[in-house]
Amino acid sequence: MGDSAVWVAAFTGGTAMFASWVTNLGNVRAARVQAEASAQAQHRGQVRELRRAAYLELMGHTHIVGELYRRVLDAFHQITDPDQQLTRFEELRSELREAYDPLMHSVRVVVLEGPSATAEAAQAVLNAARETSRCLWPITCDDADARARFDEVQGTYLRCLGRFVDAARAAMEAS
């Protein structure tokens, strides 16, 4: 009876050690999977926050540029003296030049952060802003068609901005 008890004890001990090893291996794998999932979730969260910050910065700069465009329209309506109007247009051209660089920088950040639909929409906003700002020079030269052209491209700018907001919203919902 002594020999069989030793064998039973050895077999039971070996089984317990094997079961412990298998359990430990499962725990290690589960911990690794959980750590990878946590790292991926954290990465997605960081990407989402970077994109959100980039989108908000761009929208802030587009608001400044849009406000300057509204001031151009106000100058048409509120200033009747041609010399004062010309002076105001020159001031606004200068302010728009200063506002363009931060806008361009913001677009580049959005292009970098992506996704491509949002990047393309941001680039379209920049292109429309460039075209709208270019229309101020003919206005200061008293070109008869300049105001109509400004109105047209300013409308394009606003539509591009709306498309960017929609693309940014979709990108944030997808992430």
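Structure first, text after, so check above.
Because the structure is a prediction, the values reported are computed rather than measured.

1. As for the pattern of salt bridges
Line of reasoning, step 1. Summed over the entire model, instances satisfying the criterion amount to 10 salt bridges.
Line of reasoning, step 2. For E91, the salt bridge is made with R88, and the minimal N-O distance between the two is 3.1 Å. Within this pair, E91 and its partner R88 are both found in helix α2 (residues 82–113), separated by 3 residues, close to a single helical turn.
Line of reasoning, step 3. With a relative accessible area of 38%, E91 lands in the partly exposed category.
Line of reasoning, step 4. Owing to a relative accessible area of 22%, R88 belongs among the partly exposed residues under this scheme.
Line of reasoning, step 5. With its nearest N and O atoms 3.0 Å apart, the salt bridge here joins E131 to R134. With E131 and R134 both in helix α3 (residues 116–134), this residue pair falls 3 residues apart, about one helical turn.
Line of reasoning, step 6. Judged by its relative accessible area of 31%, E131 is partly exposed.
Line of reasoning, step 7. A cluster of three or more residues bridged by salt bridges with shared partners is formed by E67, R70, R71, R88, E91 and E95.

Definitions and cut-offs
Residues numbered from 1 in each chain as written. Predicted model: local features only at pLDDT ≥ 70, side-chain atom pairs only at ≥ 80, totals over all residues. Heavy atoms only, no water. Salt bridge = Lys/Arg side-chain N within 4 Å of Asp/Glu carboxyl O. Helix = DSSP H or I, 4+ residues; strand = E, 2+ residues; numbered from the N terminus. Buried < 20%, exposed > 50% of the residue type's maximum accessible area, 1.4 Å probe, protein only.

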